[in-house]
Amino acid sequence: MIQGLLQIALTLIIVIATTPLLGKYIAHVFLGQRTVLDKVLNPIERIIYKLIGVTIEDEMTGWQYAKAILYSNLFMAILVFCIFITQGFLPLNPTGLKAPSWDLALHTTISFLTNTDQQHYSGETTFSYASQTFAIGFLMFTSAATGLSVGIAFIRGLTGRKLGNFYIDLTKSITRILLPLSIVGGLLLIIAGVPETIAGVATATTLEGLTQAIARGPVAHLEIIKQIGENGGGFFGVNSAHPFENPNGFSNLLETWAMISIPSALIYTYGVFANNIKQGWLVYWMVFIIFVFLVMITAIGEYQGNPLVNSILGLQQPNLEGKEVRFGFAQTALWAVMTTATMCGAVNGMHDSLMPTGGFSTLVNMFLQIIWGGQGTGTAYLFIYLILAVFLTGLMVGRTPEFLGRKIEKQEIVLSSVVLLVHPFAVLIPWAIVFAFPDAISGISNPGFHGVSQVVYEYASAAANNGSGFEGLADNTLWWNLSTSVSILVGRYIPIIALLLLADGISRKQPVPITAGTLRTDTRLFTGVTGGVILILGALTFFPVLVLGPIAEWFLISK
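Here the residue numbers are simple positions, counted from 1 along each chain's written sequence. In view of the model being predicted, local features appear only for residues whose pLDDT reaches at least 70, and side-chain atom pairs are presented and counted only at 80 or more, with totals across whole chains, interfaces and linings using the full set of residues. With hydrogens and water set aside, each side-chain value is computed from the structure's full complement of heavy atoms.

Colleague: Would you mind going over the overall build of the protein chain with me for this structure?
Modeller: A count of helices and strands for the protein chain gives 20 helices and 4 strands. For a compact globule the rule gives 2.2 Å times the number of residues to the power 0.38, and the radius of gyration it is set against comes from C-alpha atoms. A compact globule built from 559 residues would reach a C-alpha radius of gyration of about 24 Å, and the protein chain, at 23 Å, matches this within 12%. Taking the principal axes of the C-alpha coordinates as reference, the protein chain spans close to 80 × 60 × 45 Å. When checking whether two residues touch, look at their non-hydrogen atoms; a contact exists if any pair is within 4.5 Å. The contacts in the protein chain between residues at least 6 apart in sequence include a share of 77% that link residues at least 24 apart. Surface exposure here means Shrake-Rupley accessible area, sampled with a 1.4 Å probe, where a residue is shielded only by the protein chains that are shown. Counting every atom, the protein chain has about 22,000 Å² of accessible surface; 70% of that belongs to carbon and sulfur. For the protein chain, the distance from the average site of its 27 positive side-chain charges to the average site of its 29 negative ones is 14 Å. Secondary structure elements are defined from DSSP: runs of H or I of at least 4 residues count as helices, runs of E of at least 2 residues count as strands, and each element is numbered from the N terminus. Neither His nor the chain ends contribute to the count of charged residues, in which Lys and Arg are positive and Asp and Glu negative. To locate a charge, take atom NZ for lysine, CZ for arginine, CG for aspartate or CD for glutamate.

Structure, rendered in structure tokens:
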């Protein structure tokens, strides 16, 4: 137990240490300040801007920014869908894989387009090297860069700046942040033993004298952008529990850090933009405390094991079912909470095998979406709660709500409410439909309360753009492919549009002078109030579902 907790603590110390370094660098990139990569990348970026017809001075309104996202994403979706359905005729297909069904191809396109990367297939037996690299790998960069661009545009608007230009932000997100980190991280993964090859399957003779086919491929470069970009879609079916995706303790540490590196740094980036590092750190520690609490209850639950199994064995042992034994209960618990907190969705163990406390933590992360949150968008969702906290506290003390010197009025509250209310609709409505027709469409493989968790997890994962799953659910069907696609689209684009309109509206407001009566938002008291708003508005929305799922399951096995 002690060793496992020390491993968790060491990982989190590394995260804390790198947060200001990466956060400051991201701020410099998007504030147009000098960085170490300028000499190399400035000429390349100028060529890109000239080809797409934009200049550094071009600014967009909220609607223009949103339209640019929608148009570019639609173009990319058509391109990738065509690659999938023509896969059988394309090169780099050493095993001769045929095209997937149209509904699976559509779901996979939408899933990777939106940074969700929910997989209703096993990668090595469904998609060719060409599809994995030129379709999935392409979207892993562009979807992550899209989310990061939205987060930066929102921070700009919140701090009184113009939103910027989507195409410039998209380019910089890839060239200045995602690509450099991926190059360094990919090389480290290759050194650690992750394969990067276009050769076909390897064959080996087993001890029984049988021939075994071992899948491989261009894994390393996909693995690192999967983690850095919070994509989560694995080259292999078992994701980062596969030794070719995650071969040892070093790769596990690197991939764990990669998941949280940008989301945690963006909170510090906000502090730089707002010229208020203190508030950035206060918000950071609020999120960190909630995160550590969820990690601890998950790790303790996994260490204590299943009481029903332990009573049969007559001894207490950790729950190792569904775990990669190289990493043990602690690293699996940390990864499970982190991958759902950051909306990455990669797994190094099976979430369906987690104890109820683990199911509770992973679901809470996806319900709230702000415990680090998605690439860029999670930071924006977090500050939605700060805006609502300002509004509520302003009403309680009889003052006009203000945030960063700008009034919070009807339009801001309406758009903030849209951001928060879309998620429960995208999760709970299809969840209710499934249980209205459980025999026909559910695909549940576990009875009782755990089956409830299986279904709600799938839709929460889709709507939160996370992508992980309680595996065991028979989800590669027409119903699941189409219904989760709807949840993915609703959970991705409606909040993005609302966020951009909200940021645009705030950026146009005249700043109000700070007086003795101004409610300060960079205090421990206000940060604590924000934490309470998060728990009341966020957690309680889904509390009945948690009661029907992991909480009831915990009481059942603890009797």
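What follows continues from the structure just given.
Colleague: It is not clear to me how the pattern of salt bridges should be interpreted in this structure. Could you clarify?
Modeller: Side chains that differ in sign of charge can pair as their charged atoms come close. Any Lys or Arg side-chain nitrogen found within 4 Å of a carboxyl oxygen on Asp or Glu counts as a salt bridge. Enumeration over the complete set of coordinates arrives at 11 salt bridges. The closest approach of N and O atoms between glutamate 409 and lysine 509, which form a salt bridge, is 2.5 Å. In this pair, glutamate 409 is assigned in the loop between β4 (406-407) and α15 (410-436) and lysine 509 in the loop between α18 (478-507) and α19 (524-539), connecting sequence segments 100 residues apart. Linking arginine 520 and aspartate 522 is a salt bridge whose minimum nitrogen-to-oxygen distance equals 2.9 Å. Under the scheme applied here, a residue whose accessible area is under 20% of the maximum for its type counts as buried, over 50% as exposed, and between as partly exposed, the area being computed with a 1.4 Å probe on protein chains only. Exposure remark for arginine 520: the relative accessible area of 48% places this residue in the partly exposed category. Within this structure, Asp38, Glu45 and Arg176 form a network of salt bridges that share partners.

Colleague: Please explain helix α6 (residues 129-158) as it appears in this structure.
Modeller: Structurally, the α-helix is built with 3.6 residues per turn, so residues lying three or four positions apart point the same way. Each helix should span, by expectation, one fewer than its residue count multiplied by 1.5 Å. Over its 30 residues, α6 runs 42 Å from end to end, which matches the ideal 44 Å to within 8%, given 1.5 Å per residue. Two axes enter the definition of the bend at a residue: one is fitted to the seven residues ending there, the other to the seven starting there, and the bend is the angle between them. The largest bend in α6 amounts to roughly 25° and is located at isoleucine 136. With 27 of 30 residues buried, α6 is to be regarded as a mostly interior element. Glycine 160 lies just past α6 and shows a positive phi near 85°.

Colleague: I keep staring at helix α14 (residues 377-397) and nothing clicks. Help me out?
Modeller: For α14, with 21 residues, the first-to-last C-alpha span of 31 Å sits near the 30 Å given by 1.5 Å per residue. Counted residue by residue, α14 has 16 buried out of 21 residues, so it is predominantly covered. One or two residues past the end of α14 sits glycine 398, with phi positive at roughly 75°.

Colleague: I tried to follow the environment of valine 292 on my own but got confused; where do I start?
Modeller: Here valine 292 lies in helix α10 (residues 277-304). The partly exposed category is assigned to valine 292, whose relative accessible area is 24%.

Colleague: How should I be thinking about the pairing of strand β1 (residues 202-205) in this particular structure?
Modeller: For a regular strand, side-chain orientation follows a simple rule: the groups alternate between the two sheet faces. Sheet topology places β1 next to strand β2 (residues 211-214); 4 bridges connect them, and they run antiparallel. Looking at β2, one finds that alanine 202 is bridged to isoleucine 214. Connecting β1 to the next strand, β2, in antiparallel fashion are 5 residues, including glycine 209 with a positive phi near 85°. Two strands form a pair only when DSSP identifies at least two bridges running between them.

Colleague: Teacher, can you tell me more about a nonpolar patch on the surface here?
Modeller: Residues Leu392, Leu395, Met396, Val397, Ile536, Leu537, Leu540, Phe543 and Val547 make up a contiguous nonpolar surface patch of roughly 850 Å² in combined accessible area. Breaking the nonpolar patch down by element, the ones donating at least two residues are α14, α19 and α20 (543-557). It is α14 that provides the largest number of residues to the nonpolar patch, a total of 4 residues. Structurally, leucine 537 can be placed in helix α19. Owing to a relative accessible area of 37%, leucine 537 belongs among the partly exposed residues under this scheme. Note that patches include only residues with greater than 30% relative accessible area and no salt bridge, and the join distances are 9 Å for like charges and 5 Å for nonpolar side chains (Val, Leu, Ile, Met, Phe, Trp, Tyr).

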